[in-house]
Amino acid sequence: MAARREIFGDSGGIAVLAEDLEFPTPSAAAVFVLGGSQNGWTEWVSDDGETLNQVYRSEEN
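Predicted model only: the values in this text are computed from it and were never measured. (Residues numbered from 1 in each chain as written. Predicted model: local features only at pLDDT ≥ 70, side-chain atom pairs only at ≥ 80, totals over all residues. Heavy atoms only, no water.)

### Remarks on the overall build of the chain
Then, number 1: Looking only at helices and strands, the chain features 4 helices and 0 strands.
Then, number 2: By residue count, 13% of the 61 residues in the chain fall in the buried class.
Then, number 3: Expressed as a percentage of contacts within the chain between residues at least 6 apart in sequence, the contacts between residues at least 24 apart total 22%.
Then, number 4: Summing over all exposed atoms, the chain offers an accessible surface of approximately 5000 Å²; the carbon and sulfur share of this is 48%. (Helix = DSSP H or I, 4+ residues; strand = E, 2+ residues; numbered from the N terminus. Buried < 20%, exposed > 50% of the residue type's maximum accessible area, 1.4 Å probe, protein only. Contact = heavy atoms within 4.5 Å. Areas by Shrake-Rupley, 256 points an atom, 1.4 Å probe, with all protein chains shown as cover.)

### Observations concerning the confidence of the model for the chain
Then, number 1: Per-chain confidence: the chain averages 83 in pLDDT, with 80% of residues scoring 70 or above.
Then, number 2: Taken element by element, the predicted model of the chain shows its lowest mean pLDDT in helix 1 (residues 2–8) (70) and its highest in helix 3 (residues 40–43) (94). (pLDDT = per-residue confidence, 0-100.)

### Some details on the environment of Gln 38
Then, number 1: Here Gln 38 shows up in the loop between helix 2 (26–34) and helix 3.
Then, number 2: Distance from Gln 38 to Pro 26, taken between C-alpha atoms, is 9.2 Å for residues 12 residues apart in sequence.
Then, number 3: Ignoring any residue separated from it by four or fewer positions in sequence, one finds Gln 38 in contact with Ser 27, Ala 30, Val 31 and Glu 43.

### Observations regarding a nonpolar patch on the surface
Then, number 1: A contiguous nonpolar surface patch, about 220 Å² in accessible area, is contributed by Leu 17, Leu 21 and Phe 23.
Then, number 2: Along the chain, Leu 21 turns up in the loop between helix 1 and helix 2.
Then, number 3: Overall, the relative accessible area of 37% leaves Leu 21 in the partly exposed class. (Patch = residues over 30% accessible without salt bridge, like charges linked within 9 Å, V, L, I, M, F, W, Y side chains within 5 Å. Salt bridge = Lys/Arg side-chain N within 4 Å of Asp/Glu carboxyl O.)

### Some remarks on the packing of aromatic side chains
Then, number 1: On inspection of all chains with the given rule, the structure shows 1 aromatic pair.
Then, number 2: Both rings, one in Phe 23 and one in Phe 32, keep their centres 5.3 Å apart while their planes meet at 40°; by these two values the pair is tilted.
Then, number 3: Given the relative accessible area of 31%, Phe 23 is considered partly exposed.
Then, number 4: For the cation-ring pair, Arg 57 lies above Trp 41, with the distance from its terminal atom to the ring centre recorded as 3.9 Å. (Phe/Tyr/Trp six-rings, centres within 6.5 Å; stacked < 30°, edge-to-face > 60°. Lys NZ or Arg CZ within 6 Å of the ring centre and 35° of its normal.)

### Re the side chain of Ser 27
Then, number 1: Along the chain, Ser 27 turns up in helix 2.
Then, number 2: Within the local environment of Ser 27, its side chain forms a polar contact with the backbone nitrogen of Gly 40, the two atoms lying 2.8 Å apart. (Polar contact = N/O pair within 3.5 Å; in protein donor to acceptor, adjacent residues only side chain to side chain.)

Next comes the structure, spelled out in structure tokens:
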């Protein structure tokens, strides 16, 4: 992904974005951040350790 390379370069370190980016899905955001095919519903985790899948797709919600 060209935008990711432009922002992060070859570095695996911490980067701060100068502006907000919007992604159509949690997985697209995870691909941008992690640099490869990802399932955003399981990669994004709350401070309580719950995945997006647990928070938004569980039968309890």
